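Observations on the three-dimensional arrangement
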Amino acid sequence: MLWGSSHGALELRTEGGATHLRATFPYGVETELAEGRLEVVAPRAFAGRIEAGEDIHLLSGHDYNKPLASRAAGTLQLSDTDQALTIEATIDGSTSWARDFLAAHAAGLIRGLSPGFRVANGGERIERRANGLLRTVMAAALFEVSAVTRPAYPAAQIEARSWEAEKPANLPLIHPLNRWRL
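Note that this is a predicted model, so its numbers are computed, not measured. (Residues numbered from 1 in each chain as written. Predicted model: local features only at pLDDT ≥ 70, side-chain atom pairs only at ≥ 80, totals over all residues. Heavy atoms only, no water.)

1. Re the confidence of the model for the protein chain
Put simply, the protein chain has an average pLDDT of 78, and 75% of its residues get 70 or more. In this model, residues 152-182 is a region of pLDDT below 50 whose contacts with residues beyond four sequence positions or in other chains number 62 contacts. (pLDDT = per-residue confidence, 0-100. Contact = heavy atoms within 4.5 Å.)

2. Let's talk about helix H2 (residues 96-106)
For H2, the complete set of buried residues consists of Ala98, Phe101, Leu102, Ala104 and His105. In an axial view of H2, the angular spread of the buried residues amounts to 165°, which keeps them on one side of the axis. What points out from H2, more than 90 degrees from its buried face, is the exposed set Asp100 and Ala106. Of the residues one or two after H2, Gly108 is the one with positive phi, at around 80°. (Buried < 20%, exposed > 50% of the residue type's maximum accessible area, 1.4 Å probe, protein only. Helix = DSSP H or I, 4+ residues; strand = E, 2+ residues; numbered from the N terminus. Arc of directions from axis to C-beta.)

3. Topic: the nonpolar core
Counting residues in hydrophobic clusters, the biggest one holds 31 residues, and the most contacted among them are Phe46, Leu58, Leu85 and Ile87. Residue assignment for this core shows that the elements contributing at least two residues are strand E2 (18-26), strand E6 (63-70), strand E7 (76-80), strand E8 (84-91), H2, strand E9 (112-119) and strand E12 (140-148). Once residues lying within four places of it in the same chain are set aside, the contact partners of Leu85 are Ala23, Thr24, Phe25, Tyr27, Phe46, Ile50, Leu78, Ser79, Asp80, Leu142 and Val145. (Core = buried A, V, L, I, M, F, W, Y, C linked by side-chain atoms within 4.5 Å.)

4. A closer look at the pattern of salt bridges
Scanning the entire structure with this criterion turns up eight salt bridges. Arg49 serves as the salt-bridge partner of Glu54, at 3.5 Å between the closest nitrogen and oxygen. Look at Glu54 and you get partly exposed, because its relative accessible area is 36%. The buried category is assigned to Arg49, whose relative accessible area is 16%. Ionic pairing is found between Glu124 and Arg135, a salt bridge with its closest N-O pair at 2.5 Å. With a gap of 11 residues between them, Glu124 in strand E10 (residues 124-129) and Arg135 in strand E11 (residues 132-137) connect regions that are remote in the sequence. On the accessibility criterion, Arg135 (1% relative accessible area) is buried. It is possible to trace a salt-bridge network through shared partners that takes in Glu39, Glu124 and Arg135. (Salt bridge = Lys/Arg side-chain N within 4 Å of Asp/Glu carboxyl O.)

5. A closer look at the sheet that holds E12
If you walk across this open sheet you meet the four strands as E6-E5-E12-E9, and the pairing is mixed. Edge positions in the open sheet fall to E6 and E9, since each of these has one partner strand only. Shown here is a sheet whose adjacent strand axes are inclined to one another by a mean of 35°, direction ignored. Across eight bridges, E9 lies against E12 in antiparallel orientation. (Pairing = 2+ DSSP bridges. Axes fitted to C-alpha atoms, helices over the stretch in contact; angles between N-to-C directions.)

6. Describing the pairing of strand E5 (residues 57-60)
Summarising the sheet, E5 and E6 pair through four bridges and their orientation is antiparallel. By the bridge assignment, Leu59 is partnered in E6 with Pro67. In sequence, E5 turns back onto E6 through a hairpin of two residues, with Gly61 there showing a positive phi of about 60°. Pairing between E5 and E12: four bridges, direction parallel. Each bridged residue has a counterpart across the sheet, and for Leu59 the counterpart in E12 is Ser146.

7. Quick notes on the packing of aromatic side chains
Summed over the entire model, instances satisfying the criterion amount to four aromatic pairs. Relative to Phe46, the ring of Phe25 has its centre 6.0 Å away and its plane inclined at 45°; by these criteria the two rings are tilted. In this pair, Phe25 is assigned in strand E2 and Phe46 in the loop between strand E4 (37-41) and helix H1 (47-51), connecting sequence segments 21 residues apart. The class for Phe46 is buried, based on a relative accessible area of 0%. A ring pair is formed by Tyr27 and Phe46, whose centres lie 6.1 Å apart and whose planes are at 55°; its orientation type is tilted. (Phe/Tyr/Trp six-rings, centres within 6.5 Å; stacked < 30°, edge-to-face > 60°.)

Structure, rendered in structure tokens:
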């Protein structure tokens, strides 16, 4: 996954009393999640749920108890191209967590974008490299995108994922539902 303000952008502006968020998650950029663990999201890897019109949420810090916008509410629009996933949202500042998010963003504390997704069965390719492993996410079910302070996965979640280039026959299979990326 790619996280970071140098490749993505999280921008807020106020027009007519409403706060609008625009964010970009670029595809095809390698990111080092941990030493020797690289990941890249292929173009349109999230297209499945987006094109199906499924509900997707914009959250504060991957917390479903702190929703900022959603497709079902009509406050979140997603545009998926070969270059990037673009998010546009209208944020209502009437909840305490939305006010907290807006204040933290204004203070320069929240600048990153982090998608929460589950990799589809067969939706990844893992290859060995001299300096470690590269995981390419080819297809994943996008459930949410979050505004975060540190746009990278914590080490515990990296360890929860399968990072083997080839799975030895004596290890149990990892069920796809256990591959949450939140």
